[in-house]
Amino acid sequence: RESTRQRVKELTGKAPKTCSRYAEVLEDRDVDAVIIATPDFAHSPMAADAARAGKHIYVEKPMAVRLEDAIETVDAVERAGVVC
């Protein structure tokens, strides 16, 4: 991660932000939206967390592997009023 960060800085003059946990991204006030491209089982919990953090969400298919997770995510998105 650090070598890629340095390379981007060399090429563009600006170093990108880096994080080791997705919660750090959700806490960042400069982030308006997230793309969730993780293993299938993690899509729904991460999308629900993102919605609760007020982030708009693009999530890969499948959004969930369990119906209960899908319901939780949809409820979180509707409560937060974000786009998913």
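Our structure's up above, just so we're on the same page.
Reference entry: report on the structure contained in this document. Note that this is a predicted model, so its numbers are computed, not measured.

Quick notes on the rules
- Residues numbered from 1 in each chain as written.
- Predicted model: local features only at pLDDT ≥ 70, side-chain atom pairs only at ≥ 80, totals over all residues.
- Heavy atoms only, no water.
- Axes fitted to C-alpha atoms, helices over the stretch in contact; angles between N-to-C directions.
- Helix = DSSP H or I, 4+ residues; strand = E, 2+ residues; numbered from the N terminus.
- Parallel < 35°, antiparallel > 145°, perpendicular 65-115°, else oblique.
- Left-handed = near helix turned anticlockwise from the far one by under 90°.
- Contact = heavy atoms within 4.5 Å.
- Expected span 1.5 Å × (residues − 1).
- Buried < 20%, exposed > 50% of the residue type's maximum accessible area, 1.4 Å probe, protein only.
- Arc of directions from axis to C-beta.
- Salt bridge = Lys/Arg side-chain N within 4 Å of Asp/Glu carboxyl O.

1. Looking at the packing of helix H3 (residues 40–52) against helix H4 (residues 67–80)
Here's step 1: Put simply, H3 and H4 touch, their axes get as near as 8 Å, and they point 15° apart. One element, H3, and the other, H4, form an angle in the roughly parallel class. Of the two possible hands of crossing, H3 and H4 adopt the one that is left-handed. Here Ser44, Ala47, Ala48, Ala51 and Arg52 of H3 come into contact with H4, specifically with Asp69, Ala70, Glu72, Thr73, Ala76, Val77 and Ala80.

2. Comments concerning H4
Here's step 1: For H4, spanning 14 residues, the distance from its first C-alpha to its last is 20 Å, which sits close to the expected 20 Å at 1.5 Å a residue.
Here's step 2: All of the buried residues along H4 are Asp69, Ala70, Thr73, Ala76 and Val77. Summarising the axial view, the buried residues of H4 lie within an arc of 130°, below the 170-degree limit, and thus occupy one face. Of the residues in H4, the exposed ones pointing more than 90 degrees away from the buried face are Leu67, Glu68, Glu78 and Arg79.
Here's step 3: Where H4 is buried, its residues contact H3 and strand E2 (56–59).
Here's step 4: Just downstream of H4 lies Gly81, where phi reads positive at about 70°.

3. What to know about the pattern of salt bridges
Here's step 1: A full pass over the atoms with the stated rule returns nine salt bridges.
Here's step 2: Residue Glu2 is joined to Arg5 by a salt bridge in which the shortest nitrogen-to-oxygen separation is 3.8 Å. Note that Glu2 and Arg5 are positioned in helix H1 (residues 2–12) at a spacing of three residues, about one turn of the helix.
Here's step 3: With relative accessibility at 44%, the residue Glu2 sits in the partly exposed group.
Here's step 4: In this structure, Arg52 and Asp49 form a salt bridge, with 2.8 Å as the shortest nitrogen-oxygen distance. With a gap of three residues between them, Arg52 and Asp49 both fall in helix H3, about one helical turn apart.

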